[in-house]
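Residue strings, one per chain:
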Amino acid sequence: MKLNRIEWIDITKGIAIFLMVIGHTSIPVPLSKWIWSFHMPLFFIISGLLFNKEKYTSIKVFFKSRIRSLVIPYIVFSSIILFTRNDLSWTRWLYEGWMNGWALWFIPVLFITELFCFYLIRLNYLIIISFSIAFIGCIFCWTSIRLPYNLDVCFMAGAFYLIGFIFKDKMKELQLKRILVIAPLVTNLVLSLLLPRTDMANNACGIYPFNMLNAVIGTVSIILFSKLLVNNEYLIIFRRFYNWAGSNTIIILGLSQWINILMKDFLGNNSLPFLSIGRHILLWFFLWIISLVLNRYFPFLIGKKTK
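Definitions and limits used
Residues numbered from 1 in each chain as written. Predicted model: local features only at pLDDT ≥ 70, side-chain atom pairs only at ≥ 80, totals over all residues. Heavy atoms only, no water. Disulfide = S-S within 2.5 Å. Buried < 20%, exposed > 50% of the residue type's maximum accessible area, 1.4 Å probe, protein only. Helix = DSSP H or I, 4+ residues; strand = E, 2+ residues; numbered from the N terminus. Contact = heavy atoms within 4.5 Å. Axes fitted to C-alpha atoms, helices over the stretch in contact; angles between N-to-C directions. Parallel < 35°, antiparallel > 145°, perpendicular 65-115°, else oblique. Nonpolar A, V, L, I, M, F, W, Y, C, P; charged D, E, K, R; others polar. Salt bridge = Lys/Arg side-chain N within 4 Å of Asp/Glu carboxyl O. Polar contact = N/O pair within 3.5 Å; in protein donor to acceptor, adjacent residues only side chain to side chain. Phe/Tyr/Trp six-rings, centres within 6.5 Å; stacked < 30°, edge-to-face > 60°. Lys NZ or Arg CZ within 6 Å of the ring centre and 35° of its normal.

Draft legend 1. Local environment of the state of the cysteines. The full count for this structure, using the stated rule, is 0 disulfides. In this model C141 remains outside any disulfide bridge; the closest cysteine sulfur is found in C205, 3.6 Å from its own. For C141, a relative accessible area of 22% translates into the label partly exposed. Of the cysteine sulfurs around C205, a residue in no disulfide, the closest is that of C138, at 3.2 Å.

See the structure below:
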């Protein structure tokens, strides 16, 4: 079953997942702080933007759709890593999830976030609610309280999800003007250098609400740049790459770190620039091949409906 996809949203997600992969490598600290300032909040904001209140009127239907699109891929990719690596035992994974640096932490957090936001979205004063639950998340951060499956992150994630839902029409209507593309990007870059590092995986919220605001600004800058790519035929190669990446984010999130570690095991962990670039090219090539196979023959494994 082919879904009607919105190109600029796929490109936005594609840029974010590309930056996520880059952010998990050895890069200069300023670049890392910029990427981490918005790349994971962006996914929660886009998820809220895509939520269709009219389509999902029943929690049962919504729950079943998220089991298919999130929980099944989570189990599949987790099993691959658990069978091939010794980073985590099966028992500990069942009790804690991925709290040791693997990007798969994101999936159960999004799953739970979507379920409780299903109900919150039907309330009034969503702006107040979003900042209130973000504050609860900050309390967990300030008291260093962690929950299994990174569920302490769900409060901050929920705030971003609600922001995406509240301002979905505004984001869709953003018009392309050069100053609108440049201004939020520069603002985001400057603030990411001045503010503490944002790390959603560890529920490090920085200075609330400034880090939160900076994440929204960064997301807006990527959305505007994505819309620019859609309308620019000179950048068709980047447009196609990010479009593909954005429609296969679950595969990239689930397998990119695993493939990268396997390549380092076989090829060595040499940090010379040209070798590092070569590994990245190979990584994306392998991800592309895997995406072709999974989408064509095993779409149910990545949360997609069979044709």
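Draft legend 2. Layout of the side chain of T249. Positionally, T249 belongs in helix α13 (residues 249-267). Each residue touching T249, except ones within four places of it in the same chain, is listed here: K13, I17 and F43.

Draft legend 3. Summary view of the packing of helix α1 (residues 7-23) against α13. Viewed as axis vectors pointing N to C, α1 and α13 meet at an angle of 5 degrees, and their least axial separation amounts to 10 Å. In terms of orientation, α1 lies roughly parallel with respect to α13. Only T249, I252, L253 and S256 of α13 make contact with α1, whose side of the interface consists of K13, I17, M20 and V21. Split into classes, the residues belonging to the contact of α1 with α13 amount to 5 nonpolar, 2 polar and 1 charged.

Draft legend 4. Fine view of the pattern of salt bridges. Scanning the entire structure with this criterion turns up 7 salt bridges. The shortest N-O distance in the salt bridge between R85 and D87 comes to 3.6 Å. A relative accessible area of 38% places D87 in the partly exposed class. For E233, the salt bridge is made with R239, and the minimal N-O distance between the two is 3.2 Å.

Draft legend 5. Local environment of the side chain of N248. Residue position: N248 is located in the loop between α12 (236-246) and α13. Taking relative accessible area as the criterion, N248 reaches 5% and is therefore assigned buried. Reaching out from N248, the side chain makes a polar contact with the backbone oxygen of W244 at a distance of 2.9 Å. Side chain to side chain, N248 and N295 meet in a polar contact 2.7 Å long. Those residues within four positions of N248 in sequence are excluded, and the remaining contacts are S291, N295 and K304.

Draft legend 6. The packing of aromatic side chains, seen in detail. Here the structure, examined in full by the defined rule, presents 30 aromatic pairs. Ring plane angle 90 degrees and centroid distance 5.9 Å describe the contact between F18 and F241, whose orientation is recorded as edge-to-face. Of this pair, F18 sits in helix α1 while F241 sits in helix α12; the two residues are 223 residues apart in sequence, bridging distant segments of the chain. Since its relative accessible area comes to 26%, F241 is described here as partly exposed. Ring plane angle 75 degrees and centroid distance 6.5 Å describe the contact between F298 and F300, whose orientation is recorded as edge-to-face. You can call F298 partly exposed: its relative accessible area is 36%. An aromatic cluster of three or more residues is present, and its members are F51, Y56, F62, F118, Y119 and F165. Stacked on the ring of W8, the Lys or Arg K227 has its end atom at 4.7 Å from the ring centre.

Any link to function would need more than the numbers given here.
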